[in-house]
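# Chain and residue survey
Take a look at the letters that make up each chain.
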Amino acid sequence: MINIPSSEITPEHGYLSRRAFLKTLAIVSAGAVLAACSVKPRATAAPGGTPPHAGAATDELGDALTPYESITHYNNFYEFSTDKEQVAPLSANFKASPWKVEVGGLVKNPRTYDIDDLRKNFTQEERIYRHRCVEAWSMVMPWVGFPLAKLLAEVEPTSEAKFVRFETLYDPGQFPGQNDGYYPWPYAEGLRLDEAMNDLALLVTGLYGKDLPPQDGAPLRLAVPWKYGFKSIKSVVKIDLVDVMPVSLWMAAGPNEYGFYANVNPAVDHPRWSQATERRIGELSRRKSLMFNGYAEQVAHLYDGMDLRLNY
Ligand code: MTE
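Residues numbered from 1 in each chain as written. Predicted model: local features only at pLDDT ≥ 70, side-chain atom pairs only at ≥ 80, totals over all residues. Heavy atoms only, no water.

## Considering helix H4 (residues 148-155)
Among all positions in H4, only Leu 148, Ala 149, Leu 151, Leu 152 and Val 155 are buried. End-on view of H4: buried residues confined to an arc of 160 degrees, all on one side of the axis. Of the residues trailing H4, Glu 156 is marked for its positive phi of about 55 degrees. (Buried < 20%, exposed > 50% of the residue type's maximum accessible area, 1.4 Å probe, protein only. Helix = DSSP H or I, 4+ residues; strand = E, 2+ residues; numbered from the N terminus. Arc of directions from axis to C-beta.)

Structure representation (structure tokens):
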């Protein structure tokens, strides 16, 4: 199904062990990582500089960060290409500035944000998240961003708001893939409001302490680490609070294969492959997939009483 070139297979690095996940947040300001919670900060490159040495830290399970090179050269971003290795070269000249994000719908204070204001006005944190694609590969990402809940609190959803709908930029001039009529562009995704308010749901502006590169969704993407990667929509320009469940691009393109919830669940297979195991990029053997991608403690309660086979 998926072919990984040998360049992806990196030797194991020695790494510093870190304290438990939510205790390990480092506050990022103007491109520099400041220590938080007395955790030794990882060296962070200045914008435009070389990324820090891969494998310098781990997630809360002790797994090494995926090297910057792999995170930025093995990408799903169909607006550029369906070939993971072509996304980086094709996105090299993507214009991620100036950039506006319109937040509206069922809210008391609709607003259009400039990306620079989102970076300045919301405290940027580093969060190390596992990233599990529905195709059964995974990585560990040192994202920089801020909780979606903080943005939602500012616009104040009304009592009718039940879901959040996200939309990627529509610009076939910059996104060659959008000239292909096969997919219902623009890329759209959605979360239930309580999922969106969960502290793990992150609006991402950076990676490895630098601005987010185009291939990973510059200048603003979502990261919902307990869900398959396709929920983590890239290059977001529109966020709407709505009262009906949004139809995502993948729900429209393949309704029998891709549902609204898309929670990582090793017990529920994709119709064409198993989800019981995954291949961590950089590792040779497969590892067991974890329920909710290892974040059950933080999110399982959101699905109490739901049949996760029906709500795939
Ligand atoms: N967002 C947009 N706009 N277009 C896409 O093709 N691909 C999704 C998601 N977000 C995608 C997207 C999929 S399938 C995955 S696995 C992740 O982005 C990949 O993120 P990465 O390339 O940063 O690893």
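## Focus: the environment of Phe 175
As for its placement among the helices and strands, Phe 175 is situated in the loop between strand E7 (163-168) and strand E8 (188-192). A sequence separation of 85 residues divides Phe 175 from Leu 90, and the C-alpha atoms of the two residues are 8.8 Å apart.

## Some details on the sheet that holds E7
Strand order in this open sheet of 5 strands is E4-E3-E12-E7-E8, and the pairing throughout is mixed. Among the strands making up the open sheet, the edge pair consists of strand E4 (111-114) and E8. The mean inter-strand angle of the sheet, taken between neighbouring strand axes irrespective of direction, is 15 degrees. Direction of pairing for E7 relative to strand E12 (residues 236-242): antiparallel, over a ladder of 6 bridges. By the bridge assignment for E12, Glu 167 is matched with Lys 238. (Pairing = 2+ DSSP bridges. Axes fitted to C-alpha atoms, helices over the stretch in contact; angles between N-to-C directions.)

## Let's talk about the packing of aromatic side chains
A complete count under the given rule lists 22 aromatic pairs for this structure. Ring centres of Phe 260 and Tyr 261 lie 5.2 Å apart, and the angle between their planes is 90 degrees; this geometry places the pair in the edge-to-face category. Assessed through its relative accessible area of 4%, Phe 260 is described here as buried. Through pairs of rings, three or more aromatic residues link up here, namely Tyr 78, Tyr 182, Tyr 183, Trp 185, Phe 230, Trp 250 and Tyr 258. Directly above the ring of Tyr 74 sits Lys 84, whose terminal nitrogen or CZ lies 5.7 Å from the centroid. When the ring centre of Phe 260 is taken as origin, the NZ or CZ atom of Lys 231, which lies over that ring, is 4.3 Å away. (Phe/Tyr/Trp six-rings, centres within 6.5 Å; stacked < 30°, edge-to-face > 60°. Lys NZ or Arg CZ within 6 Å of the ring centre and 35° of its normal.)

## Notes on the site of the ligand
Among the 18 residues in the neighbourhood of the ligand, the closest are listed as Tyr 78, Glu 79, Asp 216, Arg 221 and Lys 234. In this structure, a nitrogen atom belonging to the ligand sits 2.8 Å away from a side-chain N or O atom of Glu 79. Between an oxygen atom of the ligand and a side-chain N or O atom of Asp 216, the distance comes to 2.7 Å. Computed on the free molecule, the ligand has an accessible area of 530 Å², of which 98% lies beneath the protein chains in the complex. Of the residues belonging to the shell around the ligand, the class tally is 8 nonpolar, 6 polar and 4 charged. (Near = heavy atom within 4 Å. Polar contact = N/O pair within 3.5 Å; in protein donor to acceptor, adjacent residues only side chain to side chain. Areas by Shrake-Rupley, 256 points an atom, 1.4 Å probe, with all protein chains shown as cover. Nonpolar A, V, L, I, M, F, W, Y, C, P; charged D, E, K, R; others polar.)

## Side note on the pairing of strand E6 (residues 137-147)
Burial runs high along E6: 11 of the 11 residues are buried. Bridge analysis of strand E5 (residues 124-132) against E6 gives 8 bridges, and the strand direction is antiparallel. The residue bridging Arg 132 from the neighbouring strand is Ser 138, located in E6. Adjacent in sequence and paired antiparallel, E5 and E6 are bridged by 4 residues, among which Ala 136 carries a positive phi angle near 80 degrees. As paired elements, E6 and strand E13 (residues 277-280) share 2 bridges and run parallel to each other. Bridging across to E13, Trp 137 finds its partner in Arg 279.

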